[in-house]
Amino acid sequence: MVRSIFTTALLLCSLSTFAAENHQYIIERTIPGAQKLTAEELKSISQKSRAVLESLGPEIQWQQSYVAEDKFYCVYQAPNKEIIAKHAKLGGFPADKIVEVSGIIGPQTAD
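Just so it is clear, the model here is predicted, and its values are computed rather than measured.

**Student:** Before we go on, may I ask you to explain the side chain of Asn22 in this structure?
**Tutor:** If you trace the backbone, Asn22 turns up in the loop between helix H1 (2–21) and strand E1 (23–30). A relative accessible area of 8% means that Asn22 is categorised as buried. Residue contacts for Asn22: discarding those within four places in its chain leaves Glu59, Gln77, Ala78 and Pro79.

Printed below as a string of structure tokens:
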């Protein structure tokens, strides 16, 4: 029981350290025909991205991406823009714009 509490506390400290050292970014990638990519093509792109992320270590994490027209909008946790640019270069992905998220709003913000 004591070990379990200690392990949980250690995990929470690690997660809060990760959150404090990392920021959320949105990356805009222009990929002509993105909306027409097949499931297999998207899988291949995802696998390549994940392999590059694994080589860079745990400080950069891909949260999700949105495909809209000729663009990908990707959401990442990372300590800085430079590591995101490095991921793009190593993976051969465009990174037309990398912006740090300064806030998040939604319907609940109106309450």
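Now that the structure has been shown, we can carry on.
**Student:** For this particular structure, what's the right way to read helix H3 (residues 81–91)?
**Tutor:** By the burial criterion, the buried members of H3 are Ile83, Ile84, His87, Ala88 and Gly91. The buried side chains of H3 occupy one side of the element, clustering within an arc of 145° when seen end-on. Facing away from the buried side of H3 by over 90 degrees, the exposed positions are Glu82 and Lys89. Residues of H3 that are buried in the fold lie against E1, helix H2 (39–56), strand E3 (71–78) and strand E4 (97–100). The N-cap of H3, judged by a side-chain oxygen 3.2 Å from the amide nitrogen of Glu82 a few residues on, is Asn80. Just downstream of H3, Gly92 is the residue with a positive phi angle, here 75°.

**Student:** What should I look at first to understand the confidence of the model for the protein in this one?
**Tutor:** Predicted coordinates in regions of low pLDDT should not be interpreted in detail. In the predicted model, the protein carries a mean pLDDT of 86, and 81% of its residues have values of at least 70. Predicted confidence for residues 1–20 stays below pLDDT 50, and this span has four contacts to residues more than four positions away or in other chains.

**Student:** For this particular structure, what's the right way to read the sheet that holds E3?
**Tutor:** One open sheet holds the four strands; their spatial order is E2-E3-E1-E4, and the pairing between them is antiparallel. With one partner strand each, in any of the chains shown, strand E2 (61–68) and E4 form the two edges of the open sheet. For this sheet, the mean angle separating the axes of adjacent strands, direction not counted, is 20°. Bridge count between E1 and E4: four bridges; the pairing is antiparallel.

Definitions and limits used
Residues numbered from 1 in each chain as written. Predicted model: local features only at pLDDT ≥ 70, side-chain atom pairs only at ≥ 80, totals over all residues. Heavy atoms only, no water. Helix = DSSP H or I, 4+ residues; strand = E, 2+ residues; numbered from the N terminus. Buried < 20%, exposed > 50% of the residue type's maximum accessible area, 1.4 Å probe, protein only. Contact = heavy atoms within 4.5 Å. Arc of directions from axis to C-beta. Polar contact = N/O pair within 3.5 Å; in protein donor to acceptor, adjacent residues only side chain to side chain. pLDDT = per-residue confidence, 0-100. Pairing = 2+ DSSP bridges. Axes fitted to C-alpha atoms, helices over the stretch in contact; angles between N-to-C directions.

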